[in-house]
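Remarks on the overall topology
Single-letter residue listing:
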There are 2 protein chains.
Amino acid sequence: MLLKRMLNQVADLDRLFQALADPARRAIVERLTFGPAAVSELARPLPMSLPAAMQHLGVLEAAGLVRSKKVGRVRTCSIEPAAFSVIEQWINARRAEWEQRLDRLGNYLKTLESEGDGDGSGT
Amino acid sequence: MLLKRMLNQVADLDRLFQALADPARRAIVERLTFGPAAVSELARPLPMSLPAAMQHLGVLEAAGLVRSKKVGRVRTCSIEPAAFSVIEQWINARRAEWEQRLDRLGNYLKTLESEGDGDGSGT
DNA sequence: GGGATACTAAAGGTATTGCTTAACTGTTTG
DNA sequence: CAAACAGTTAAGCAATACCTTTAGTATCCC
């Protein structure tokens, strides 16, 4: 079950990054950060047909970035802030690793320097 | 020149998210957070041919996530930490907007509540 | 009921992506 | 020099992504 969770996280990241890789989809997300909106409201500013915009919404919803609920004939979409934290966690994990590495490198260089005081074998 | 900058940033985000949307490319990035590596070293764990891995590296480099330098016959790749901040800035901008919105919503609800004390026109 | 509205479903076309294999260039090493 | 090594280039192919048009369905308003 641990392996499954890891694989799911990989697939989640695939879907999240893929979803945000399209400018039209980011535009939808940007609009939704200001508050919920109906499908046609989201589609109106986009330079494409309404079905195309719907497909983008489908991608965003599949990625978990957007959720929506239909009442009457209008579907209202809103943003899912929690989804972003998956991306941020991934980035932060990378940063933690390379900063740790740079720390070790710094310490190593400092060690060389102080050893050099008594050694004198530098160029 | 301001418009151009904005358009470039859109294209940058396209390339960044697109680059990270592939598990093989994320695997390369994850490997590089531990330190620089040669092309073949990066390709070895990937379930694909070396030219395929090279193409992934090309995508990462075009996105600015990786830089590389060839010395002799070996090209050494390393990560470009600054590239991640473009993504983080975009996410943080979204977060700033929706948090601001939620604050306004909270204040509004509090206002309703305190007005209700003297008004009594609730349901 | 009948027309406008809001969305959905389906089919199809073009472009891009991710991979392959094969052939090739430049760099060490025995 | 010859062979192994590390990387690169190019061509081609199957799958996917993004968009279109067309044709629906369900809801709302008069």
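Preceding this section is the structure that the text describes.
Residues numbered from 1 in each chain as written. Chains lettered and ligands numbered in written order. Predicted model: local features only at pLDDT ≥ 70, side-chain atom pairs only at ≥ 80, totals over all residues.

Quick look at the nonpolar core now. Counting residues in hydrophobic clusters, the biggest one holds 45 residues, and the most contacted among them are Leu16(A), Leu60(A), Leu65(A), Leu16(B), Leu60(B) and Leu65(B). Here Leu16(A) is in contact with Ala63(A), Leu65(A), Ala83(A), Val86(A) and Ile87(A), once residues within four sequence places are set aside. (Core = buried A, V, L, I, M, F, W, Y, C linked by C-beta atoms within 7 Å. Buried ≥ 20, exposed ≤ 12 C-beta atoms within 10 Å, placed from the backbone. Contact = placed C-beta atoms within 7 Å.)

To continue, consider the protein's contact with DNA strand C. Neighbouring DNA strand C are 21 residues; Ala38(A), Ser40(A), Ser49(B), Gly72(B) and Arg73(B) lie closest to it. Taken together, the elements giving at least two residues each to the surface near DNA strand C come down to α3 (39–43), α4 (50–62) and β3 (74–79) of chain A together with α4 (50–62) of chain B. For the surface near DNA strand C, the residue count by class is eleven nonpolar, five polar and five charged. (Near = placed C-beta within 6 Å. Helix = DSSP H or I, 4+ residues; strand = E, 2+ residues; numbered from the N terminus. Nonpolar A, V, L, I, M, F, W, Y, C, P; charged D, E, K, R; others polar.)

Now for the protein's contact with DNA strand D. Taken together, 21 residues sit near DNA strand D, with Met48(A), Ser49(A), Gly72(A), Ala38(B) and Ser40(B) positioned nearest. Of all elements in the fold, only α4 of chain A together with α3 (39–43), α4 and β3 (74–79) of chain B reach the threshold of two or more residues within the surface near DNA strand D. When residues of the surface near DNA strand D are assigned to their parent elements, the largest contribution, five residues, is made by α4(A). Classifying every residue of the surface near DNA strand D gives eleven nonpolar, five polar and five charged.

As a further point, take the pairing of strand β2 (residues 66–71) of chain A. Residues and elements named next belong to chain A. With six bridges joining them, β2 and β3 adopt antiparallel strand pairing. Within β3, the residue paired with lysine 69 across the bridge is threonine 76. Between β2 and the antiparallel strand that follows it, β3, lie two residues; glycine 72 among them carries a positive phi value of about 65°. (Pairing = 2+ DSSP bridges.)

This part is about the packing of helix α2 (residues 23–32) of chain A against α4(A). Residue and element names in this part refer to chain A. Between α2 and α4, the shortest axis-to-axis distance is 10 Å and the interhelical angle comes to 70°. In terms of their interaxial angle, α2 and α4 are classed as roughly perpendicular. The segment α2 lies against α4, with Ala24, Arg25, Ile28 and Val29 engaging His56, Leu57, Val59 and Leu60. The residue inventory of the contact of α2 with α4, partitioned by class, reads six nonpolar, one polar and one charged. (Axes fitted to C-alpha atoms, helices over the stretch in contact; angles between N-to-C directions. Parallel < 35°, antiparallel > 145°, perpendicular 65-115°, else oblique.)

No statement about biological role is implied by the geometric values presented.
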